[in-house]
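Examination of the molecular architecture
One letter stands for each residue in the lines below.
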Amino acid sequence: MRTNTEPKSHYRFRLNFWKVRGSHLRPSTFSGARVGLGALGVGSLAFITVVAFSSNTALAATTLNLGSAASYAVVAGTTITNTGATVITGSVALWPGSSITGFGPGTISGATDAANAASLSAQNAAAAAYLVAAGDTPTASVVGGILGGTTLTPGVYHAPTMSLTGALTLDAGGVPSAVFIIQSDSTLLTASNSSVVLAGSAQACNVFWQVGSTATLGTSTIFSGTILALTSVIVDTGASVV
């Protein structure tokens, strides 16, 4: 049994709807062009077998229109609470709540909109995008909800719950505009040091995770895409959304 004595920090966003935009949330401990998160949690709007094949093919998906939410890193509903030295590159919006705490030690590089017209507009746009993503017809299933060690091509993927241990590759086949929509009816859970790898010109801005309850990104996970979670999101120490 391994014990981690490092203090655990995270965000908790208590909301009626939650949206995290890939490439905005970045941990300070990650070097290079991307800076990472300490840890993140988002609240209400928000496994373990290897798949027998290495790649899936699905029909093309259509990108989601995030509307006025697109310019925000985080859109939440009731509270945003940070307990670590997390860096959010971008703006945050909170509606109808108004409690945003823990900055610092955390930092937000953009605007902070709470209980105002801008945050209401962002909340409505994010909620609309969630409903569109949830309503898209799946073009393939993720067997057992197990994502680790697999390669997905553009399409709409579905499972009752999803987990990621190790690496998931999203391969756009050389088409930068290719879209991935990944639907979980309930939870999304990543193990420590897991990753979402973009290949074949895949772009984080065209990857969408629709989660019916809670998404949890384990310690030091490197994650790509926009998370749209209905209940909560928790990003543990050292994890990043890029």
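Residues numbered from 1 in each chain as written. Predicted model: local features only at pLDDT ≥ 70, side-chain atom pairs only at ≥ 80, totals over all residues. Heavy atoms only, no water.

What follows is about the overall build of the protein chain. The helix and strand tally for the protein chain stands at one helix and 26 strands. Across the 242 residues of the protein chain, 51% fall into the buried class. Of the roughly 9,500 Å² of accessible surface on the protein chain, a fraction of 57% belongs to carbon and sulfur atoms. (Helix = DSSP H or I, 4+ residues; strand = E, 2+ residues; numbered from the N terminus. Buried < 20%, exposed > 50% of the residue type's maximum accessible area, 1.4 Å probe, protein only. Areas by Shrake-Rupley, 256 points an atom, 1.4 Å probe, with all protein chains shown as cover.)

Attention now goes to the confidence of the model for the protein chain. Taken over all residues, the pLDDT of the protein chain has a mean of 76, while the share at 70 or more is 75%. Within the protein chain, no element has a lower average pLDDT than strand 5 (residues 55-56), which sits at 34, and none a higher one than strand 17 (residues 167-171), at 98. Under a pLDDT of 50 for its full length, residues 22-59 has, in the predicted model, 172 contacts with residues more than four places off or in other chains. (pLDDT = per-residue confidence, 0-100. Contact = heavy atoms within 4.5 Å.)

On to unusual backbone geometry, then. The general pattern is negative phi for most residues beyond glycine and trans for most peptide bonds. Between Trp95 and Pro96 the backbone carries a cis peptide bond, its omega angle lying at 5 degrees. Unlike most non-glycine residues, Ala115 shows phi in positive territory, near 50 degrees. You can see Ala115 is positioned in the loop between strand 12 (112-114) and helix 1 (117-135). Judged by relative accessible area, Ala115 falls into the partly exposed class, the value being 43%. One non-glycine residue with positive phi stands out, namely Ser201, at about 75 degrees. One can find Ser201 in the loop between strand 20 (195-199) and strand 21 (207-211).

We now examine the environment of Thr83. Position of Thr83 relative to the elements: it lies in the loop between strand 7 (79-82) and strand 8 (87-88). In this structure, the C-alpha to C-alpha distance between Thr83 and Pro105, residues 22 residues apart in sequence, is 7.4 Å.

Turning our attention to the environment of Leu66. Here Leu66 lies in the loop between strand 5 and strand 6 (72-76). Given a relative accessible area of 4%, Leu66 falls into the buried group. Sequence separation between Leu66 and Thr226 is 160 residues; the distance between their C-alpha atoms is 10.0 Å.

Here we take up the side chain of Gln183. Considering the arrangement of structural elements, one finds Gln183 in strand 18 (residues 180-184). Once residues within four sequence positions are removed from consideration, Gln183 is found in contact with Ala133, Ala134, Asp136, Pro138, Val156, Tyr157, His158, Ala159, Met162 and Gln210.

Attention now moves to the nonpolar core. If you look at the biggest cluster of nonpolar residues, it comprises 29 residues, and the most contacted ones within it are Leu147, Leu170, Leu188 and Trp209. Within the residue set of this core, elements represented by two or more residues are strand 15 (155-159), strand 16 (162-164), strand 17, strand 18, strand 21, strand 22 (214-217), strand 24 (226-229) and strand 25 (232-235). (Core = buried A, V, L, I, M, F, W, Y, C linked by side-chain atoms within 4.5 Å.)

Bringing the pairing of strand 9 (residues 91-94) into the picture now. Two faces make up the sheet, and in a regular strand the side chains alternate between them. The two faces of strand 9 match: Ser91 and Ala93 on one face and Val92 and Leu94 on the other face are all buried. Relative to strand 9, strand 6 runs parallel, the two being bridged by four bridges. Of the residues in strand 9, the one forming a bridge with Tyr72 is Ser91. Here strand 9 pairs with strand 12 via three bridges, running parallel. Following the sheet pairing, Ala93 is matched in strand 12 by Asp113. (Pairing = 2+ DSSP bridges.)

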